[in-house]
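Fold and geometry: a report
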Amino acid sequence: MADETPAAAKLDTSVPHPARVYDYWLGGKDNFEADRAVAEAVKAASPGVVQGARDNRAFLGRAVRFLAEQGITQFLDIGTGIPTQGNTHEVAQSVNPAARVVYVDNDPIVMVHARALLRSAPEGRTAYIEADLRDPDAILKHPDTLATLDFDQPIAVVIVGTLMFIKDEDDPFGVVRRYTDAVVPGSYLAVTHVTGDFAPESLEAFAEAYNTGPVPLTLRTGAEIARFFDGFELVEPGLVAVGEWRPDPDEIPFLTGRVHGGYGAVGRKL
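Residues numbered from 1 in each chain as written. Predicted model: local features only at pLDDT ≥ 70, side-chain atom pairs only at ≥ 80, totals over all residues. Heavy atoms only, no water.

1. A look at the pattern of salt bridges
Between side chains of opposite charge, a pair can form as their charged atoms come close. Inspection of every chain in the model, using the stated rule, returns eleven salt bridges. D170 is paired through a salt bridge with R134; the nearest N and O atoms lie 3.4 Å apart. Separated by 36 residues along the polypeptide, D170 in the loop between β4 (156–160) and α9 (172–182) and R134 in the loop between β3 (125–130) and α7 (136–140) bring together distant segments of the chain. Judged by relative accessible area, D170 falls into the partly exposed class, the value being 28%. (Salt bridge = Lys/Arg side-chain N within 4 Å of Asp/Glu carboxyl O. Helix = DSSP H or I, 4+ residues; strand = E, 2+ residues; numbered from the N terminus. Buried < 20%, exposed > 50% of the residue type's maximum accessible area, 1.4 Å probe, protein only.)

Dropping the structure here:
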């Protein structure tokens, strides 16, 4: 069709995508039947997944706010997902309107929404790159990345809710090291990752249900996830359950008895 956009041409709505499954769990509307089928199957196998998705999103907001308060003005957000409330540039620019953010995702629909909705404050800047986490050169050397971020100054690399989709054979630790090697000391890394450490049976069921789809998910232990932070000093409280990383006061009463499905941490490059 003459009016078909490049993104629409690449979009196969019959294949579920993690960003759209996540959007469904968060109550969003930018998902399709294939995404909803996987999301509902996973929710049936592991009912806590919806709360886990919300905890993950809340971690992003707290981590970005913390980083901006430390004086970080540059963010590389890889695996950004479909825009919702509390996007990275909104949180960062609420602290410093001059903050700059590069968003990266490999789902065409994410990029369509990002370009339409993620508008920077006039003092700052946002850029949007359609690329895969597993291809650091395509991201780090992209003209829009280089025009937005100054790699001679500290940058926060934010990879929230994404690394579990990188298989061991794709060397996720080596991939992350490519990004962390590219930034100067004083930069930060923020990561969340699902694990079976807290609730093995529930999370194994979660992974089994998710892996009925085309994008496999890998559970990793806390010791494995800590490897992403080699060369970094973890910020207190360290590598902890996502909901327990610097919770806002109004969140604390709801943490007791909660089943956690993921770790979260922020580290500073030495």
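2. Digging into the packing of aromatic side chains
The relation between two aromatic rings is expressed through the spacing of the ring centres and the mutual angle of the planes. Applying the stated criterion to the full structure yields eight aromatic pairs. Measuring from ring centre to ring centre gives 6.1 Å for Y103 and Y128, while their planes differ by 5°; the resulting arrangement is stacked. Of this pair, Y103 sits in strand β2 (residues 100–105) while Y128 sits in strand β3, placing them 25 residues apart in sequence. Each member of the pair, Y103 together with Y128, is buried. Grouped by ring-pair contacts, the aromatic residues F59, F66, Y188 and W245 constitute a single cluster. Positioned above the aromatic ring of W245, the side-chain terminus of R246 is 5.5 Å from the ring centre. (Phe/Tyr/Trp six-rings, centres within 6.5 Å; stacked < 30°, edge-to-face > 60°. Lys NZ or Arg CZ within 6 Å of the ring centre and 35° of its normal.)

3. Considerations on helix α10 (residues 200–210)
Taken residue by residue, α10 has L203, F206, A207, A209 and Y210 as its buried positions. Looking down the long axis of α10, one finds its buried residues gathered within 165° of arc, a one-sided arrangement. In α10, the exposed residues that point more than 90 degrees away from the buried face are E201 and E208. (Arc of directions from axis to C-beta.)

4. A closer look at the packing of helix α3 (residues 33–45) against α10
Between α3 and α10, whose axes approach to 8 Å, the crossing angle comes to 160°. With respect to α10, the axis of α3 lies roughly antiparallel. Pair α3 / α10 crosses with right-handed handedness. Residue-level inspection shows A41, V42 and A45 of α3 in contact with α10, the latter providing A205, F206, A209 and Y210. Class assignment of the residues belonging to the contact of α3 with α10 gives a composition of seven nonpolar, no polar and no charged. (Axes fitted to C-alpha atoms, helices over the stretch in contact; angles between N-to-C directions. Parallel < 35°, antiparallel > 145°, perpendicular 65-115°, else oblique. Left-handed = near helix turned anticlockwise from the far one by under 90°. Contact = heavy atoms within 4.5 Å. Nonpolar A, V, L, I, M, F, W, Y, C, P; charged D, E, K, R; others polar.)

5. A few points about the nonpolar core
Counting residues in each nonpolar core, the largest one holds 32 residues, and the members touching the most others are F59, F66, L67, F75, Y188, W245 and V266. Listed by contribution, the elements that provide at least two residues to this core are α4 (49–69), α5 (88–95), β2, α6 (108–117), β4 and β5 (188–194). Among the elements that take part in this core, α4 stands out by supplying seven residues, more than any other. If we ignore the near neighbours within four places in the chain, the residues touching F66 are Y188, V235, W245, R246 and V266. (Core = buried A, V, L, I, M, F, W, Y, C linked by side-chain atoms within 4.5 Å.)

6. Remarks on unusual backbone geometry
Residue P237 is bonded to the preceding E236 through a cis peptide linkage, with omega at 10°. Tracing the backbone shows P237 in the loop between β6 (232–234) and β7 (240–241). Phi angles above zero are rare outside glycine, and D171 is one such case at about 55°. Summarising the element assignment, D171 is placed in the loop between β4 and α9. Exposure remark for D171: the relative accessible area of 42% places this residue in the partly exposed category. Residues other than glycine seldom take positive phi values, yet R246 does so here, at roughly 45°.

7. Topic: the confidence of the model for the protein
Mean pLDDT over the protein stands at 88; residues scoring 70 or higher make up 95%. Counting interchain partners and residues more than four positions distant, the pLDDT-below-50 stretch residues 1–9 has three contacts. (pLDDT = per-residue confidence, 0-100.)

8. Re the pairing of strand β8 (residues 262–269)
Within β8, seven of the eight residues are buried, which leaves the element mostly enclosed by the surrounding structure. Note: β5 against β8, seven bridges, orientation antiparallel. Residue pairing in the sheet places V194 in a bridge with G262 of β8. As paired strands, β6 and β8 are joined by three bridges and run antiparallel to one another. (Pairing = 2+ DSSP bridges.)

9. Brief notes about the packing of helix α2 (residues 18–25) against α3
How two helices sit against one another is set out by the angle between their axes and by the gap between those axes. Running from N to C, α2 and α3 cross one another at 60°; their axes reach a closest spacing of 9 Å. Taken together, α2 and α3 sit at an angle that is classed as oblique. Along this stretch, α2 crosses α3, giving a crossing that reads as right-handed. Facing α2, whose interface residues are R20, V21, Y24 and W25, α3 presents D35, R36, V38, A39, E40 and V42. Taken together, the residues of the contact of α2 with α3 sort by class into six nonpolar, no polar and four charged.

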